[in-house]
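The lines below spell out each chain.
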Amino acid sequence: MANSDKHYESIARQIGAANLLALRTSTGMSQPHFAAVIGLSDRALRRYERGERELPQRTRLAIIQAFKIDPLASDQLAAELGFAATDLSSRPIDQKTKDGNFWKSLRRESQDFRKRNYSPLGQLFLKIRDEVYFCATIYFMMQNIALAFDLPFGFEINGINWMFIGSFGVILLLLPSVVAELPILKASQYILRNSKARM
């Protein structure tokens, strides 16, 4: 078992080093620039490119996030280790989302991020926050529509709609934390790409 682990680590180092070097070369970036983009020091990047160390999961995820390419693609590892071919490929992530629903994959990615980075209690708090934000936003929108069409809506006490004020306060309070979790750049790129394709 120990030999098999060493064999796997050696192959993972070789594949990671070759793919990392090829990716950096294809971007035309210098080692310091590329290292800064993925959050490494120059020295650490050189060691990974020479295959002296296996790419850690954090670096691998940083590369996937920045360049949409997995440097340790499962199909390459499987082929080198002599396993049956899998349907997991090293295609850029954006290509995979074209085959399915982009928004569902984005939601799934967000949920995976929460599972990796938050405790079960933290995930519960985030879910409660999402529900509260959603309800406040819906109420705020409905109240604005009612005001626009001069329809009776909401709960007033002494002529003041406290629910409206409260929902606005909740939106302002929670907005920074909600926006911080949104993959705005990725969604914007997807929308722009689709709008260009339609033109």
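Everything discussed here concerns the structure shown above.
S.K.: Is there a simple way to explain the side chain of Arg114 in this structure?
M.R.: Along the chain, Arg114 falls in helix α7 (residues 102-117). Aside from chain neighbours lying at most four places away, what touches Arg114 is Gln123, Leu126, Lys127, Arg129, Asp130 and Glu181.

S.K.: Sorry if this is basic, but what is going on with the side chain of Arg129 here?
M.R.: Tracing the backbone shows Arg129 in helix α8 (residues 120-148). For Arg129, a relative accessible area of 12% translates into the label buried. Excluding anything up to four places from it in sequence, Arg129 contacts Arg114, Leu174, Ser177, Val178 and Glu181.

S.K.: Explain unusual backbone geometry to me, please; I cannot follow it from the model alone.
M.R.: What you tend to see is this: most non-glycine residues have negative phi, and most peptide bonds are trans. A positive phi angle, near 60°, is found at Lys68, a position not held by glycine. Within the secondary structure layout, Lys68 lies in the loop between α4 (57-67) and α5 (74-81). Look at Asp150: it is not a glycine, yet its phi comes out positive at around 55°. Mapped onto the fold, Asp150 is located in the loop between α8 and β1 (156-157). Residue Asp150 is classed as exposed on the basis of its relative accessible area, which comes to 71%.

Thresholds, definitions, all that
- Numbering of residues starts from 1 in each chain and follows the order in which that chain's sequence is written.
- Per-residue local features are limited, in this predicted model, to residues with pLDDT of at least 70; the limit for side-chain atom pairs, both in listing and counting, is 80 or more; totals at the level of whole chains, interfaces and linings are taken over all residues.
- In computing side-chain properties, one takes all heavy atoms of the structure into account and sets aside hydrogens as well as water.
- Labels follow the DSSP assignment, with helices taken as runs of H or I lasting at least four residues and strands as runs of E lasting at least two, numbered in each case from the N terminus.
- In what follows, a contact means two residues having at least one pair of non-hydrogen atoms within 4.5 Å.
- For every residue, the accessible area obtained with a 1.4 Å probe (protein chains only) is divided by the maximum for its type, and the residue is called buried under 20%, exposed over 50%, and partly exposed between those limits.

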